[in-house]
Structure formats: C-alpha cells, structure tokens
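Chain residues, written in single-letter form:
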Amino acid sequence: MRVVVDALWLPDGPPSGRMVVREMVAAWLREHPGDDLVLVVHDQHVADVAAEFTSATVVGTSLRLHPLVNAVTLPRVARRSGADLVVTQNFAPLSKRVPSAVFVHDVLFQTNPRWFTRSERLYLSLIPMLLTRATTVMTSSANEANRILAHNPGVSAVDPVGLGIAAALTGRAPAEPVDGLIPDRFLLAVGRLNVRKNLATTIEAAVGSGAATVERPLIVVGEASGREEHLSEAVLASVASGSVQFLGGVSDAQLRWLYEHCRLFVFMSLDEGWGLPPIEAVSLGAPVLVSDRPVFRETLGAAATYAPPRDVAEIGRTMMTLLTAARRTQTALPPERTSWTRLVETAREAAAS
C-alpha cells in the first residue's frame, strides 16, 4: 500500500501535534514495513525528515498554509504517485478521488470559541468545512468523537482511536535531571500556556493552600500558544518569590525526569480532546490531580484524583491531601489508551472503504 502522509508538523509543529505525527509514522513503518509512506513536509525540512525516516519517501512543498497543503497539494501528490490513501491532521483533502483518513485533534473552538483568538477561530473553521470530504474521520477520545458529531451534522461517523505515549518517555534512554530541582520536592504542571489550561487558578490554589512554596515549588512546563490568560498580581508575586517557576519548553529527557520525580502532577485544564500530559504522568508513576471533566474520567478512570476546575479552595485542599497521602506508583492504563496501533489500523482501513 502506498500512503501519502501529512507530515507538516514533524519538524516544527505544536508539541502534541508533532509528537502524534512522529509516533504514528514510526508505528506505521514498524507494523507495516511493506507499505510505502510518502511524507509531505515543507521544503526546508526535507533533508531532516528524510534522515529521521530513512525507509520513507519525503516530498517537499513550498506552500505554508496547512489547510491548503492538505486540501490541494496532498491529493495531487497522491494521484501522481499512485497512492492508495491520504492521511492528514485536522484538515481533510478536498478531492475524493483517493481515499483519505483525517485525524481531528479536537473541535473545542466550536463549543468554546472564547478560548481562541479571532485568527485562530478563522483558521480552525476550515476543519469542519473539509471534514465531509474525508473517507474516515478519527479522533482520540470517545468524548471528542461525540463533540465532533454533535456540532458537525454532515459527519456520519468518527472513530475514537486513542493515542500512545511518546517513545522518548518510555524507552531506554536515560532521563536528564533539571538543575536546581530536588526529587520529590516539587509539583508539576505541563501544557501550552493559554487560557484553556486554567493556569492562574492552578497557581492560586497551589500557593494559597500552601501546597506550593519556595522549598516545594510548582514547576510549569510549556510555552505560550493562543489566547493567553491574565495572571493576577498575586500570581506574579508567587513567581517572583520562587514558589512558582516557569521552565518554558524542555527536552523529552528532562520531561521524563520531571514526571518521574515530581511529588504531584496537576492538570486543571477546562477541557481537552484527549489531554496527553496527565496520561504521561500516570504512566510514569506520578500522583495525578486533574479537573473533573468527562474526557479525563474516560481516559484516566481511577488512576487520577479529580477536582472542579474553577474551585480554587477545593483544588487547594485536594492538593494538600494528596501531598500528605500520595505515594508514587506505576499505574497501568488500559493498553488501548496508550497504543498507536489502533490509529494506524483505522487509517489503513479507509483505503478499502
């Protein structure tokens, strides 16, 4: 089978999107070595991607806009190469001549537009416009599949395929300590810094309850992306005191060390399509506190503790309870929630539809 793959995010896309593409391609080549994968990337990244995936064919494009590349360029590449299938992220191909499978990360912009800037909403609005052109629509969770169906009546079916853990976090490569941090003496929050991640509430709860202190700081990993959240003077003061520390982006080796050595992992996101960081944290043995949202009940079940995401006092109390009682354990999540196989196999099936 010859498959044209939207790999535009591989070198420089959003962290979660980049990881999904990389792990999907790696799993595909591992599970189906006889398939011929054609990876489409921006021109300047052809050499780097070809060096990483030596058994795949890498094709460059000068077009910058992701929806345009997926809608127009990928079908052309598929026709010229005699491909059996096109696999994309978020934006489906416009042409139906070659079967296609599109993985939609989420449609939170449809249910919660206030979390997104005007330019983001305009850009993301192309997702539902193209969805009906796809042979198969995939997403991560059943919760997100239901959201897509509820707000896009032209879509008849969505397959929730789950997502795996990055190989860099679970392989044999050693973790890399972060300078200045003492194992078991810090709290951890991971994710893009935007209004949806609810970071101001997390910080207020951690500092106000005494869970985060100069001796046991809250470490925040992630970079700004999208509509930013206003941070109060109290929150900024906690940053100045050292009770809260922003690390920005870190390497996979450092992220693994942070997960493996934090006293508590906290993720108070207002909503997610999947929510990978708490799944990573659970898988690496961290006690996990997440917002009480349906998607986390689906993906984490009894492996996490829950708190209402807007209740500062309750979040703080729960943090203190967990800091007193929680111990690190290796929690086994159901295999279908942490595997890339289902995504690959569901996409492949689209070629026969």
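Rules used throughout
Position numbers for residues start from 1 in each chain and track the written sequence from start to end. Since the coordinates come from a predicted model, pLDDT governs what is reported: local features require at least 70, and pairs of side-chain atoms require 80 or more to be given and counted, while whole-chain, interface and lining totals use all residues. The side-chain figures draw on all heavy atoms in the structure; neither hydrogens nor water molecules are used. With a 1 Å grid laid over protein atoms only, a set of points is called a cavity when a 1.4 Å probe fits there but cannot get out and a pocket when it is open yet has protein on both sides within 12 Å along at least five of seven lines; lining residues have an atom within 4 Å of a point. Grid points are joined across faces, edges and corners, and a volume is the space filled by probe spheres set on the points. Helix and strand assignments follow DSSP, with helices taken as H or I runs no shorter than four residues and strands as E runs no shorter than two, numbered in order from the N terminus. Ten residues, namely Ala, Val, Leu, Ile, Met, Phe, Trp, Tyr, Cys and Pro, are considered nonpolar, four, namely Asp, Glu, Lys and Arg, are considered charged, and the remaining ones, Gly among them, are considered polar. Salt bridge, as applied in this entry: a Lys or Arg side-chain nitrogen positioned within 4 Å of an Asp or Glu carboxyl oxygen. A pair of Phe, Tyr and Trp rings is counted when the ring centres sit within 6.5 Å of each other, with Trp represented by its six-membered ring. The angle between the planes then sorts it: under 30 degrees is stacked, over 60 is edge-to-face, the rest tilted. Think of it in three bands: residues with accessible area under 20% of the maximum for their type are buried, residues over 50% are exposed, and the middle band is partly exposed, with areas taken using a 1.4 Å probe on protein chains only. We define the bend at any residue as the angle between the axes fitted to the seven residues before and including it, ending there, and the seven starting there. Pairing between two strands requires that DSSP report at least two bridges joining them. Note on handedness: a crossover is taken as right-handed if, strands pointing away from the viewer, the path from the first strand over the helix to the second is clockwise. Convention adopted: a line fitted to C-alpha atoms gives each axis, helices being fitted over their contacting stretch, and angles between N-to-C directions are expressed from 0 to 180 degrees. Only heavy atoms matter for contacts: two residues are in contact if any of them lie within 4.5 Å across the pair.

Asks: Quick question: what am I supposed to make of empty space enclosed by the protein here?
Replies: Using a probe with the size of a water molecule, rolled over the atoms, empty space left in the structure can be pinpointed. Per the counting criterion, the structure on display carries one cavity of 30 Å³ or more. The calculated volume of the largest cavity comes to roughly 120 Å³. Taken together, 14 residues make up the lining of the largest cavity; nearest its centre are Ala189, Val190, Gly191, Lys197 and Leu199. Looking at the lining of the largest cavity, the elements with two or more residues in it are β8 (187–190), α10 (199–209), β9 (218–221) and β11 (264–267). Split into classes, the residues belonging to the lining of the largest cavity amount to nine nonpolar, three polar and two charged.

Asks: Looking at this model, I keep getting lost on the pattern of salt bridges. Mind explaining?
Replies: Side-chain pairing between opposite charges can occur once the charged atoms of the two side chains come close. What the rule picks out here adds up to 13 salt bridges. The salt bridge partner of Arg147 is Glu144, with a shortest N-O separation of 2.9 Å. Of this pair, Arg147 and Glu144 both sit in helix α8 (residues 142–151), three residues apart, roughly one helical turn. Its salt-bridge partner being Glu314, residue Arg317 comes within 2.9 Å of it at the nearest N-O pair. Residue Arg317 and its partner Glu314 are located together in helix α15 (residues 312–325), separated by three residues, close to a single helical turn.

Asks: In this structure, what is going on with the packing of aromatic side chains? I would like to understand it.
Replies: The tally for this structure, following the rule as stated, stands at five aromatic pairs. Judged by centre distance (5.8 Å) and plane angle (15°), the rings of Phe186 and Trp257 are stacked. Residue Phe186 is located in the loop between α9 (167–170) and β8, and its partner Trp257 is located in helix α12 (residues 252–261); the two are separated by 71 residues in the primary sequence. Residue Phe186 is classed as buried on the basis of its relative accessible area of 0%. Judged by relative accessible area, which is 6%, Trp257 ranks as buried. Centre to centre, the rings of Phe267 and Phe296 are 5.8 Å apart; their planes meet at 80°, and the pair counts as edge-to-face. With Phe267 in strand β11 and Phe296 in helix α14 (residues 294–299), the pair connects residues that are 29 residues apart, well separated along the chain. The same class applies to Phe267 as to Phe296, namely buried.

Asks: Help me out: how do you make sense of helix α4 (residues 66–81) in this one?
Replies: Where α4 bends most, the angle comes to about 35°, and this point is Thr73, followed within four residues by the proline Pro75. Among the residues making up α4, those that are buried are His66, Pro67, Val69, Asn70, Ala71, Thr73, Leu74, Pro75, Val77 and Ala78. Taken from the residues just after α4, Gly82 is the one with a positive phi, measuring 70°.

Asks: Looking at this structure, how should I read the pairing of strand β12 (residues 288–291)?
Replies: Looking along a regular strand, one sees side chains alternate from face to face of the sheet. Taken together, the three bridges between β11 and β12 define a ladder with parallel strand orientation. Counted as the bridge partner of Phe265 is Val288 from β12. Read from β11 through helix α13 (residues 276–283) to β12, the crossover connection turns out right-handed. Here β12 pairs with strand β13 (residues 305–307) via three bridges, running parallel. The residue of β13 that forms the bridge with Ser291 is Ala307. Crossover β12 to β13 through α14 is right-handed.

Asks: What is the right way to look at the layout of surface pockets in this model?
Replies: Computed from the structure, the second largest pocket encloses a volume of approximately 170 Å³. In terms of lining, the second largest pocket is formed by Leu8, Trp9, Asp12, Gly13, Pro14, His42, Arg64, Leu65, His66 and Tyr123. Here the lining of the second largest pocket is built from residues that sort into five nonpolar, three polar and two charged.

Asks: How should α13 be read in this particular structure?
Replies: Since one α-helical turn is 3.6 residues long, residues separated by three or four positions face the same way. Counting buried positions along α13 yields eight of eight residues, so the element is predominantly enclosed. Within α13, burial applies to Leu276, Pro277, Pro278, Ile279, Glu280, Ala281, Val282 and Ser283. One or two positions beyond α13, positive phi appears at Gly285, with a value near 90°.

Asks: Help me understand the sheet that holds β13 in this model?
Replies: Neighbouring strands of a sheet are bound in pairs by backbone hydrogen bonds; such pairs are parallel or else antiparallel. The strand order across the open sheet built from six strands is β10-β9-β8-β11-β12-β13, with neighbouring strands paired in parallel fashion. In this open sheet, the two strands that pair with only one neighbour each are β10 (244–248) and β13. For this sheet, the mean angle separating the axes of adjacent strands, direction not counted, is 25°. Relative to β10, β9 is paired through four bridges, and the arrangement is parallel. Within β10, the position partnered with Val221 by the bridge is Gly248. Each of β8, β11 and β12 is contacted by α13, which is oriented at about 165° to β11, the strand it contacts most.

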